Amino acid sequence: MQSAAMTGVGAEDDIPLCERKTVTDFCYLLDKSKQLFNGLRDLPQYGHKQWQSYFGRTFDIYTKLWKFQQQHRQVLDNRYGLKRWQIGEVASKIGQLYYHYYLRTSETSYLNEAFSFYSAIRQRSYYHQVNKEDRPELVVKKLRYYARFIVVCLLLNKMDLVKVLVKELSEEIEDYTQRFNTEDQLEWNLVLQEVAAFVEADPLMLLNDDNAVVVISNRLQEGGVPPLEQGMVVGQLTLADALIVGNCNNQVKFSELTIDMFRMLQALEREPVNLATQSSKPGTLEPNEKPAKRENPHKYLLYKPTFSQLYTFLSASFKELPANSVLLVYLSATGVFPTGRSESEGPYDFGGVLTNTNRDVVNGEMVQKRSQKLKCANDILHPGDLFSFTRKPLFIIVDSSNSTAYKNFSNLFGQPLVCLLSPTVYPKSMQDQCQRGSLFTLFLYNPLMGFLSVCGLSSMRYGLWEKAQELLRKVFHDIGQMITSSRVIDQAYLQFYGDEFLRLLMIRFVFCCTTLRLHKLFREARSFPESYPPLPKQEMVESSLLQKHVLELAAMLDVQNLFSDDMLDNY
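Residues numbered from 1 in each chain as written. Predicted model: local features only at pLDDT ≥ 70, side-chain atom pairs only at ≥ 80, totals over all residues. Heavy atoms only, no water.

### Some words on the packing of aromatic side chains
Keep this limit in mind: Centres within 6.5 Å are what make two rings of Phe, Tyr or Trp a pair, Trp counting through its six-membered ring; a difference in plane orientation under 30 degrees is then read as stacked, over 60 as edge-to-face, and the rest as tilted. In this text, helices come from DSSP runs of H or I with a minimum length of four residues, and strands from runs of E with a minimum of two, each type numbered from the N-terminal end. Only protein chains enter the accessibility calculation, which uses a 1.4 Å probe. A residue is then buried if its area is under 20% of the maximum for its type, exposed if over 50%, and partly exposed in between. Consider the ring centre and the ring normal. A charge sits over the ring if Lys NZ or Arg CZ is within 6 Å of that centre and within 35 degrees of that normal.
As enumerated under the stated definition, the model contains 33 aromatic pairs in all. Where Phe318 meets Phe389, the ring centres are 5.6 Å apart and the plane angle is 75°; that geometry is what we call edge-to-face. Remark: Phe389 occurs in the loop between strand S10 (380–381) and strand S11 (394–399) and Phe318 occurs in helix H12 (residues 307–320); sequence separation between them is 71 residues. Its relative accessible area of 19% is what places Phe318 among the buried residues. Residue Phe389 is classed as buried on the basis of its relative accessible area, which comes to 5%. Through a chain of ring-to-ring contacts, the aromatic side chains of Trp51, Phe55, Phe59, Trp66, Tyr98, Tyr101, Tyr110 and Phe117 assemble into a single cluster. Positioned above the aromatic ring of Phe115, the side-chain terminus of Lys158 is 4.6 Å from the ring centre. The positively charged end of Lys392 is found above the aromatic ring belonging to Phe318, 4.5 Å away from the centroid.

### Notes on the packing of helix H19 (residues 500–518) against helix H21 (residues 544–556)
Using the following cut-off: Every axis corresponds to a line fitted to the C-alpha atoms, with the helix fit spanning only the stretch in contact, and the corresponding angles, defined between N-to-C directions, vary from 0 to 180 degrees. Here roughly perpendicular refers to angles of 65 to 115 degrees, roughly parallel to angles under 35, roughly antiparallel to angles over 145, and oblique to all remaining angles. Contacts are assigned to residue pairs that have any heavy atoms within 4.5 Å of one another. Residue polarity is assigned by list, with Asp, Glu, Lys and Arg as charged and Ala, Val, Leu, Ile, Met, Phe, Trp, Tyr, Cys and Pro as nonpolar; anything else, Gly included, falls into the polar class.
Interhelical geometry of H19 versus H21 gives an angle of 75° and a closest axis separation of 10 Å. Compared by their axis directions, H19 and H21 come out roughly perpendicular. Along its contact with H19, which presents Val510, Phe511, Thr514, Thr515 and Leu518, the element H21 presents Leu546, Gln547, Val550, Leu551 and Leu553. Grouping the amino acids of the contact of H19 with H21 by side-chain chemistry returns seven nonpolar, three polar and no charged.

### Notes on helix H5 (residues 84–105)
Put simply, the rule is: Multiplying 1.5 Å by the helix residue count minus one yields the expected span of that helix.
Taking 1.5 Å per residue, 22 residues should reach 32 Å; H5 reaches 31 Å between its end C-alpha atoms and fits that length. For H5, the buried fraction is high: 17 of the 22 residues fall into the buried class. Looking at the residues trailing H5, positive phi occurs at Ser106, about 65°.

### Considering unusual backbone geometry
Pro533 follows Tyr532 through a cis peptide bond whose omega is -10°. As for its placement among the helices and strands, Pro533 is situated in the loop between strand S14 (530–532) and helix H20 (537–541). In the Ramachandran plot, Glu256 falls in the positive-phi region, its phi being about 60° despite a non-glycine side chain. Mapped onto the fold, Glu256 is located in the loop between strand S4 (253–254) and strand S5 (257–258). The backbone of Lys304 sits at a positive phi, close to 50°, despite the residue not being glycine. Mapped onto the elements of the fold, Lys304 is located in the loop between strand S6 (298–303) and H12. We classify Lys304 as partly exposed; its relative accessible area is 23%.

Any link to function would need more than the numbers given here.
Structure representation (structure tokens):
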């Protein structure tokens, strides 16, 4: 095996011993790295501890392999016949390691590390020669690299680069399908369609004075949340774990991320820090495993999970939840409604949301036939299924056409519990937008985008955006004061208010409630968000102060005609 790897001219005996050892050591590191990398897929996806030591060993071997090929490149070129695409493969695997480290830890800084390696592959043209070889499997490696790079760029909001990469990927796919008559042509064209739809789902185009598009981050930034003030009595709970579930039929998705999941995961992250600037010289490509410690909640991203999968991940999160911590469950899923009237009104009598199933969905709603009712019930996540997990602090967000099923909750164990529930019906003019993501989740992700979307505004000047954001900071400060000073609000809201992520979600929820109640198109009660426990209407979601703020924002954006101001006459 060793002699087969040697490509130098002449007998193996002519190769200096030190060079022969270099090739042998490289082959060992390469084989070991592949073995460890392939073993990653056998690790349990849930639980915080089981995977860490194995991940660490894999990372160590790839770090050694990367440095080894850098130090001995000439010998490996001459004696092993090292090709540039093979170096690209190592860099790609390190990029994948960083990305999966991000998924496991929710530490956004690892995204920047993944980006560094993926970007270097492109800048250094590691895969350039692949197209000249008559090996379709090598071209597929290149195509997969592009798809992974695009996912990382999407998560880092590098939209200009995404568009360039999509164009390059399109050309690569065209070349691939022309040269090789393969069966996966349709699959790769579907990848292109998905990412194009994902990019187009962005509801707003921000333009600067030069008409260039401005890309903004929607992650939590310093100063991005109203601070706790003296005299505010709030809980000391911390959001530790989040399950983000996406099971909406027909919603835009890419790489097992629906647009709603994509938005919610960013709403639960802090702005990434570039590790390279902290630990090594800029421009160098060195694996770095130790980011600055920052408290992002750990997340599980579950795309169309079965009931069993969802319950397994819920149980693992519940089991490992530290003391004084909160578990958040976000459900973006198709609603399932009960058939007929039930004599009882228990936690399993109002339907729920759909987990993964192959059954047909009609107009986005799961409809049960009587003969299917028992089988179908196995695919529904009912409110009662979550009761066991209320033994610890639980924060639930349901974005579904049957979200109100989760109003019928019982707090059996006296722990803090809040459910934020989406509207179940939207005005007809807005229903065709649901493929591009839910309006409710958009408000929780970026309230100003939600406001603009409900007003039909799809582009605006960056200067006006900044003015509107400044006004929203004042609005959010006032909402925070209302929550913490209320004498009638349920204590659960105050228990959760100490955590920055949960504080922001609750404040954005109140703003969404007030906005939709004032909007002229939202007239049905089913078109308003609800919550359990209910928020006080008079002094919060229908407060005259908040209504004035909403109308002020509408006037700033010249859309006041879309909002009703006659409610203010009641005060």
